[in-house]
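# What the coordinates show
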Amino acid sequence: MSAVSEPLHAPSAAIDTEWWRGAVVYQIYPRSFRDANGDGVGDLAGITERLDYVASLGVDAVWISPFFKSPMRDFGYDVSDFCDVDPIFGVLADFDALIEKARAVGLRVIVDQVYSHTSDQHAWFAESRTNRTNPKADWYVWADPKPDGTPPNNWRSVFGGPAWTWDSRRKQYYLHNFLASQPDLNLHNAEVQDAVLDVARFWLDRGVDGFRLDAVNFFLHDQALRDNPPAPEDGRPRNRPFDYQAHIYNQSHPDVATILERIRAVTDEYGGVFTVAEIGDPKPQLEMRAYTAGDKRLNSAYGFEFLYAGEITPAFVEKTIAAFADGAADGWPSWAFSNHDAPRAVSRWATEENRDAAARCFALLLACLRGNVFLYQGDELGLPQADVPFERLQDPEAIANWPLTLGRDGARTPMPWTRNAPHAGFSTAADTWLPVDPRHAALSADAQETDPGSVLNAHRSFLKLRAAAPALRTGDIRFLRQSDAVCAFERSSADQTLLCMVNLSETAVDIAAPAGRWRRLAAANLDDGTSSLPLALPPFAGFVAEKT
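These numbers come from a predicted model, not from an experiment.

Right, let's talk about unusual backbone geometry for a bit. Its identity as a non-glycine residue notwithstanding, methionine 72 has a phi of 65 degrees, on the positive side. Examined against the element boundaries, methionine 72 turns out to sit in the loop between strand S3 (68-69) and strand S4 (81-85). The phi dihedral of alanine 424 is positive, around 55 degrees, even though this residue is not glycine. Mapped onto the elements of the fold, alanine 424 is located in the loop between helix H12 (396-401) and helix H13 (438-441). Assessed through its relative accessible area of 4%, alanine 424 is described here as buried.

In C-alpha cells:
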C-alpha cells in the first residue's frame, strides 16, 4: 500500500442505515466521463466538475469504476495499488475533493473493490512469485504442473486460453481467471482476507458510502483443482473457450458467503454502508439470493441477465425478477440494463429508427422495477452502442474475439457534453483514448437540456416519480397478464398502489383496462395530454398510474 495522508472525512454519526434500499445509482466510468486536464482521458477532477449534472438527474449515489493505480491492461480492474489513485485520474486529494462535492450536492459515493485478483505488478505478487517460502508465497493460487509439464487442470480464462500461466521463478503455474496479468488472490488464506479488509477500511475512512464488489463468484476456487466438466448445450452462442465449460470448480465456491460475512462485519462498523455484488454467471439467481440472505451478508447483488439479453420481452422481465424473488423474502436485488461490460441496451433491444422512443420506454420500465436501479452514464441521453473501428479498439476481449463479439469499447466511449465542441465537450485534447461516435454528439447533454421531450428529461421525470412514490422505491411487485408485448405489473406499499404498463414492441397494442379508478402519474411516448388510462399503447409507450 502507498503512503497516504490522513482521511479528510469521517463517517457521519447520524446515518440512514437503509438509504440504499430502492436507491438509484449512477455508474461513472472515469476514463470516459469528463477530462479536466486535457490529456484525452477522463479523471476524478472531471467527475467532480459534473456532479451537479448527476445530482440533477434525481439519483441517490454514484458508483465510480476503478480509478486505483494500475498498468491498465484491463483498464483499472488490474490493480497494482489498492490504496492510491492512478496518475491518469489524479491524486488522493482529487478523490477527497470529489467526496466533498458529492456531499454538497446530496450524492453518496460507491467505489469498486476488486478482491478476486490483482495486477501482476502489485507488490504482493512481486513478492509471492520470488520463491515458495516467502511471507506471501501463499497469497496467490499456485500449483505444480502435471508430470508432462502442462497446466494442473482444464480451467479456461474468461478472455481466452488456459486460466494458468507458467512462472519460471517458482517453477509453478499461477491461476488467472481473466488476463494473464491478473493473477488470482488466494482468498482461502485468512491473511489475504485480512489484507483486503484493510483496503475496505482505507476507503471507508476516506468517506465512501459503499462498495460494488467485482467478480464475487470468482473469490474462491476448488482447492483440489478438479477439472470442470463440459457445459451442456443451451442454445447460447459460444465465442470463447470459456463458454464450453460448466464452471463448477473455478467459481461459485460455497465458502464465498463466509468472506462476504467478514466484509459485511467491517462495513457495519461504519453504518449506512451499501454493498452490492457483481455476479458474472449465466444463471446468477441462486448466488444473488445466497450472497444477500439475512443481515450478515451483502445488501444487494446483480447479475448479467438484462445486460447480455439480446431482446427484452414481458415474459423475460417477469422470469428474471421472479427468479430472484422466489425464496428470497429477505434479499434485495439490483438491476441494470447497461454498464461498462455490456453493449448498450437501446442498441440491443431496439432499431435505430425507434431509438429515442425505446430509450424513454426502457427508462420508465427500469424506474419501476423492485430493487435498486443502476443507470449507466450516457443511458440517460439514449446513447446507442458506439461504432469503434478495429484499429481504435482498446478492450482486450474485443480485440481477442473480433469480430464475433461487440466487445466493451462501444459502451465506454467518451460522454458527450456539448454538441458543437471538439470531442463533444469531453476533452480539449487533440485526440481521446476512444473516439466519440458522431451520433453521440447530436445527443449531448446540452442539446437535450432545454427540450422537455428529450430522453434526458424523461429520465429526470421518471426518477423524480420513483423518489416520491413509496410503492416504487420499496414496495412489492405483482405481475399481471396482458399480452406478449406489454409488460404489466403492480407496485404496492401500505398506502399506495401503482400500475405500470410498457409496450416493449414496435407495434401498437390494445390493453385491457384494469378494474377500479386510476390516475396517470407519468408516461413514455403518450402525448394525449390527459391523466386517464389509454386503451392502446403505441410502440414503446408506457405509463404509471395510481389507484385512487
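This next bit is on the sheet that holds strand S18 (residues 518-524). Pairing is antiparallel in the open sheet, where 5 strands are placed in the order S14-S15-S16-S20-S18. Each edge of the open sheet carries a strand with a single partner, namely strand S14 (476-480) and S18. Between one strand axis and the next, the sheet turns through 20 degrees on average, direction left out of account. Where strand S16 (residues 496-503) meets strand S20 (residues 542-547), 5 bridges bridge the pair, whose relative direction is antiparallel. In the sheet register, leucine 499 faces S20, and the bridge partner there is alanine 545. Relative to S14, helix H9 (residues 314-325) is tilted by about 145 degrees, and along the sheet it contacts S14 and strand S15 (486-493).

What follows concerns the sheet that holds strand S11 (residues 300-302). Taken in spatial order, the 8 strands of this open sheet run S11-S10-S9-S5-S2-S1-S13-S12, and their pairing is parallel. Sheet topology places S11 and strand S12 (334-336) at the edges, where each strand pairs with a single neighbour. Between one strand and the next, the sheet's axes are offset by a mean angle of 25 degrees, whatever the strand orientation. Pairing of strand S10 (residues 274-278) with S11 involves 3 bridges; the strand directions are parallel. By the bridge assignment for S11, alanine 277 is matched with alanine 301.

Quick look at the confidence of the model for the protein chain now. On average, residues of the protein chain score 93 in pLDDT, and 96% of them are at 70 or above. In this model, residues 1-14 is a region of pLDDT below 50 whose contacts with residues beyond four sequence positions or in other chains number 26 contacts.

Right, let's get into the environment of alanine 23. Locating alanine 23 in the fold gives a position in the segment before strand S1 (24-28). Residues alanine 23 and serine 119 lie 96 residues apart in sequence; the distance between their C-alpha atoms is 32 Å. Residues contacting alanine 23, with those up to four places away along its chain left out, are Asp60, Asn372, Val373, Arg466 and Arg473.

Once that is clear, we can look at the packing of aromatic side chains. What the rule picks out here adds up to 37 aromatic pairs. For the pair phenylalanine 202 and tryptophan 203, a centre-to-centre distance of 4.9 Å together with 85 degrees between the ring planes defines the contact as edge-to-face. Assigned by exposure class, phenylalanine 202 and tryptophan 203 land together as buried. Of the aromatic side chains, those joined through ring pairs into one cluster are Phe306, Phe316, Trp335, Phe337, Trp349, Phe362 and Phe540. The residue whose ring lies beneath lysine 136 is tryptophan 139, and the NZ or CZ to ring-centre distance is 4.6 Å.

A few words on H9. Between its first and last C-alpha, H9 extends 16 Å over 12 residues, near the 16 Å set by a 1.5 Å rise per residue. Within H9, burial applies to Pro314, Val317, Thr320, Ile321 and Phe324. What you see down the axis of H9 is that its buried residues fit within an arc of 140 degrees, all on one side. Set apart from the buried face of H9 by more than 90 degrees, the exposed residues are Ala315 and Lys319. Close packing links the buried residues of H9 with helix H7 (285-292), helix H8 (305-308), S12, helix H11 (355-368), S14 and S15.

Running from N to C, H11 and helix H15 (residues 455-468) point in directions that differ by 15 degrees, and their axes come no closer than 9 Å. In terms of orientation, H11 lies roughly parallel with respect to H15. The crossing of H11 and H15 is right-handed. The residues of H15 that touch H11, namely those facing Asp356, Ala359, Arg360, Ala363, Leu364, Leu366, Ala367 and Cys368, are Val455, Ala458, His459, Phe462, Leu463 and Arg466. Taken together, the residues of the contact of H11 with H15 sort by class into 10 nonpolar, 1 polar and 3 charged.

With 6 of its 8 residues buried, S15 lies for the most part within the structure. The sheet contact formed by S14 and S15 spans 5 bridges and is antiparallel. Its bridge partner lying in S15, phenylalanine 479 is registered against phenylalanine 489. Examined bridge by bridge, S15 and S16 share 8 bridges and lie antiparallel to one another. Residue pairing in the sheet places valine 486 in a bridge with asparagine 503 of S16. Turn length for the S15-S16 hairpin, with the two strands adjacent in sequence and antiparallel, is 2 residues.

Now for the pattern of salt bridges. Tallying each qualifying case throughout the model produces 34 salt bridges. In this structure, arginine 201 engages aspartate 198 in a salt bridge whose closest nitrogen and oxygen atoms are separated by 3.4 Å. Within this pair, arginine 201 and its partner aspartate 198 are both found in helix H5 (residues 190-205), separated by 3 residues, close to a single helical turn. The partly exposed category is assigned to arginine 201, whose relative accessible area is 26%. The residue glutamate 449 makes a salt bridge to arginine 460 at a minimum N-O spacing of 3.0 Å. Pair noted here: glutamate 449 is in helix H14 (residues 445-449) and arginine 460 is in helix H15, with a separation of 11 residues, a long-range link. The structure contains a network of salt bridges with shared partners spanning Asp74, Asp341, Asp395, Arg408 and Arg412.

Glancing now at a nonpolar patch on the surface. Where nonpolar side chains cluster on the molecular surface, the patch consists of Phe390, Ile399 and Trp402 and spans about 320 Å² of accessible area. Tracing the backbone shows phenylalanine 390 in the loop between strand S13 (372-376) and H12.

Conventions and cut-offs
- Residues numbered from 1 in each chain as written.
- Predicted model: local features only at pLDDT ≥ 70, side-chain atom pairs only at ≥ 80, totals over all residues.
- Heavy atoms only, no water.
- Helix = DSSP H or I, 4+ residues; strand = E, 2+ residues; numbered from the N terminus.
- Buried < 20%, exposed > 50% of the residue type's maximum accessible area, 1.4 Å probe, protein only.
- Pairing = 2+ DSSP bridges.
- Axes fitted to C-alpha atoms, helices over the stretch in contact; angles between N-to-C directions.
- Contact = heavy atoms within 4.5 Å.
- pLDDT = per-residue confidence, 0-100.
- Phe/Tyr/Trp six-rings, centres within 6.5 Å; stacked < 30°, edge-to-face > 60°.
- Lys NZ or Arg CZ within 6 Å of the ring centre and 35° of its normal.
- Expected span 1.5 Å × (residues − 1).
- Arc of directions from axis to C-beta.
- Parallel < 35°, antiparallel > 145°, perpendicular 65-115°, else oblique.
- Left-handed = near helix turned anticlockwise from the far one by under 90°.
- Nonpolar A, V, L, I, M, F, W, Y, C, P; charged D, E, K, R; others polar.
- Salt bridge = Lys/Arg side-chain N within 4 Å of Asp/Glu carboxyl O.
- Patch = residues over 30% accessible without salt bridge, like charges linked within 9 Å, V, L, I, M, F, W, Y side chains within 5 Å.
- Areas by Shrake-Rupley, 256 points an atom, 1.4 Å probe, with all protein chains shown as cover.

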